[in-house]
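Structure assessment
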Amino acid sequence: MIPQNIQLDSQGRLRHLLTIEGLKRQMIVDILDAAESFTTVGGQAVKKVPLLRGKAIVNLFFEPSTRTLTTFELAAKRLSADVLKINVGTSATNKGESLLDMLRNLEAMHCDMFVVRHAESGAAHFIASQVAPHISVINAGDGRHAHPTQALLDMFTIRRHKKEFAPLTVAIVGDIMHSRVARSQIHALTTLGVSELRVVAPKTLIPSHASTLGVHVFHDLTEGIRDADVVITLRLQKERMESALLPSEHEYFQQYGLTPEKLKAAKPDAIVMHPGPINRGVEVSSEVADGPQSVILEQVTNGIAVRMAVMSMVLGRAPEGAAQ
Amino acid sequence: MGLQIKNGRVIDPANNIDTVQDVFIEQGRIAALGKAPAGFTAQTQIDASGQIVCPGFVDLCVRLREPGFEHKGNIATESRAAAKSGVTTVCCPPDTNPVIDTPGTIEHILERAEEVGLTKVVVLGALTQGLAGKQLSEMYGLKKAGCVGVSNAYHGVNPQVMRRAMEYAASAGLTVFINAEDASLRAGGCMHEGQVSVRLGLPGIPECAETIAVARELQLIELAGVRAHFCHLSTARAAQLVADARRDGLPVTADVSISHLFLTEMDIGFFDSNCRVKPPLRTQRDREALRAALTQRSISAICSDHQPHDVDAKLAPFPSSEPGISAIETLLPLTLRLVEAGSLSLPDAIACITAQPAAILGLDAGRLSVGSAADVCIFDPERQWNFNRAQMVSYGKNSPFLGWEFTGCVTYTLLDGKLVYQLGE
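Report on the accompanying structure. (Residues numbered from 1 in each chain as written. Chains lettered and ligands numbered in written order. Predicted model: local features only at pLDDT ≥ 70, side-chain atom pairs only at ≥ 80, totals over all residues. Heavy atoms only, no water.)

1. Let's talk about the overall build of chain A
If you tally the helices and strands in chain A, you get 11 helices and 9 strands. The C-alpha atoms of chain A give 19 Å as radius of gyration, which agrees with the globular expectation for 324 residues (20 Å, within 12%). For the C-alpha atoms alone, the extent of chain A along its principal axes is close to 55 × 50 × 35 Å. By sequence separation, contacts in chain A at least 24 residues apart represent 73% of the contacts at least 6 residues apart. Put simply, chain A shows about 13300 Å² of open surface, and 52% of that area lies on carbon and sulfur atoms. In chain A, 34 positive and 33 negative side-chain charges are present, and the distance between their average locations comes to 4 Å. (Helix = DSSP H or I, 4+ residues; strand = E, 2+ residues; numbered from the N terminus. Rg over C-alpha atoms; globule rule 2.2 N^0.38 Å. Contact = heavy atoms within 4.5 Å. Areas by Shrake-Rupley, 256 points an atom, 1.4 Å probe, with all protein chains shown as cover. Lys, Arg positive; Asp, Glu negative; His and termini not counted. Charge placed at Lys NZ, Arg CZ, Asp CG, Glu CD.)

Have a look at this one:
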């Protein structure tokens, strides 16, 4: 039988990062604090620290990605690790090689960490359950299940602007049903103890039993973001129109697209977030995306520090060395 | 050539027997219970003191994986697993490769099973050719070749074809076996749609995928006037629909898989692919309702829904792992747990895996009547054992029950009076 939560070792330390679910509040705070110490690295003349020198990290992306892949790669390089990118779309699994055989081959090359993105929920758990004991797995997004580093960088961004989580009202707007980002954000925000967490979308984009995750469900945008401190918008995939979930992008934007007008319902100092890539004029208007309340580009920058923190913690090195 | 089973507690629900007595077997048949028939001499004696002697079990759904999926198991390996589990009759659904839609395939399976000789095999024929849901199969021919019913397994059939197939099956005197699931509502789902699927981000199969299919088929059954059986119900509501229909006099029966009486969506934990099964594991409320339906006899049979798999079938991310549990070896021990839990008396529990499934298949099996075939299971109800991979006999080791402690273990299995399994041999 597979152990229930394999991402922690026997001493409760992070061995893999597969999901936010089950992480203790203090561990999330530790990761955010470690990330804070890495934010200065990007501004140095030599943008590197030697924490992971000699370690080999493989980016194993079974789905296309630009931002996540690039920031993972930058993060690993800034930690002085050797980084290998395997574009699986054009690689061996297309030639009939099984996922497991591919992992065995990479293990044989003495890698230390796999950063995995895969279209199926549970893929990162599966890979973590199969790899040799010296290898760690970071989930860079599996199906609709989890995208823990994205949620952590979002928490990092929120904390930088709002300091404390306890008083906050957070609204997540958009395709909750298919979003691994939303699931990880929900676990992170409930663990960090925000005052109120809402999800806002038509019923077709909200999974049944969503309220069991500890969120309040809204179907009206203005009501859903009223007096919110943080408004997170999610990407809407084009294929949702083909599976009878939505009639059109046009109507979605009319009802759920975030415009300066609608944003007035939120608190005046509310921040607007988006995990990218943005569909301008679908989830959010350009005025909002590029406006003063938007922290969308900051999220991308913060992604590097947060991923450095996670990689260095998982590979077992104390992050305090980074500041020196 | 007589065989005498001595001092066992004989439980034969079909004949309302529950008493300590001897069983006498001659020429492969039950010769007498209690007192030896005139002129009986026992060549062999089995001491069944402290043990239960009951009809060999009749399992409504066992995938033997032959023909077509021999990398997952075959008639020999799975017959051996059946014998070890006290199962003397297994019913094989038609979704083999080739599909069981010709007399030739039926003959092949039955011949192989007879050669192996460890359990009796009966088959369901395909309701439509190739299970494609378009053209009716030659049901009269299939019946003549030995099929005991027809089914389209999990392959969808539109209502019009289903109606006609039911009418034709009724004409041929065949029971229609139904795996009730609306394919469009299942869509890409791989587990129950509920509080676990929302957490794991796995596409869910809603309850209504089953209930809508059951409601639809019930109306078609009434219209066609066919005798029908629902395979492995998974939801409380579907069980209720069938109970209501039975009360209204419709000729329908239903079974439940043994695994669904113990596991729920929660057991999937963090993506345990051994808990991926069709229909999906539902909620605790559903599990309790299925147990209650057995108690109230609206569901009259428990089957294993045995689906052995090769190792690779489960070694994949949850959505691309294959559904099914290698379950025949846990049929008796888990059924005994239902007795322990108070859901069923021991005779009623045995009836659910002997006489009642035999009646659904229309077989003269699952009973110890004088003159009937001596298919007998003897088990020690007190014996404790640990269910582990090493002693699994089925080729498929895909069971979420590995590591469980069980009380109650098959000691002997007789097929036509011949010993086909003995514990420790």
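There's more to say after this.
2. Topic: the sheet that holds strand β4 (residues 136-142) of chain A
All names here are of chain A. Ordered by their spatial adjacency, 4 strands build an open sheet running β2-β1-β3-β4, and the pairing between neighbours is parallel. Edge strands, defined here as strands with exactly one partner in the open sheet, are β2 (82-87) and β4. Strand-to-strand twist across the sheet, computed as the mean angle between neighbouring axes with direction ignored, equals 15°. Of the pairings in the sheet, the one linking strand β3 (residues 113-118) to β4 comprises 5 bridges and is parallel in character. Across the sheet, Met113 pairs through a bridge with Ser136, a residue of β4. (Pairing = 2+ DSSP bridges. Axes fitted to C-alpha atoms, helices over the stretch in contact; angles between N-to-C directions.)

3. Looking at the sheet that holds strand β5 (residues 169-173) of chain A
All names here are of chain A. One open sheet accounts for 5 strands, arranged β7-β6-β5-β8-β9; its pairing is parallel. Among the strands making up the open sheet, the edge pair consists of β7 (216-218) and β9 (271-273). Between one strand axis and the next, the sheet turns through 20° on average, direction left out of account. As defined by bridge partners, β5 adjoins strand β6 (residues 196-200) across 5 bridges and the pair is classed as parallel. Residue pairing for β6: Ala171 is matched across the bridge by Arg198. Contacts between helix α5 (residues 148-162) and the sheet are confined to β8 (230-233) and β9, with β9 contributing the most and set at about 170° to the helix.

4. Examining the nonpolar core
Counting 102 residues, the largest nonpolar core has Ile221, Phe230, Ile302 and Phe379 of chain B as its most contacted members. Three or more residues apiece are contributed to this core by two domains, here domain 1 (2-53 + 373-422) and domain 2 (56-361) of chain B. Setting aside chain neighbours within four positions, we find Ile302 of chain B in contact with Val256, Ile258, Leu261, Leu294, Leu331, Thr335, Leu338, Leu344, Cys352 and Ile353 of chain B. Counting residues in each nonpolar core, the second largest holds 93 residues, with Ile20, Val173, Val295 and Ala309 of chain A among its members. (Core = buried A, V, L, I, M, F, W, Y, C linked by side-chain atoms within 4.5 Å. Buried < 20%, exposed > 50% of the residue type's maximum accessible area, 1.4 Å probe, protein only. Domains from an automatic or database assignment.)

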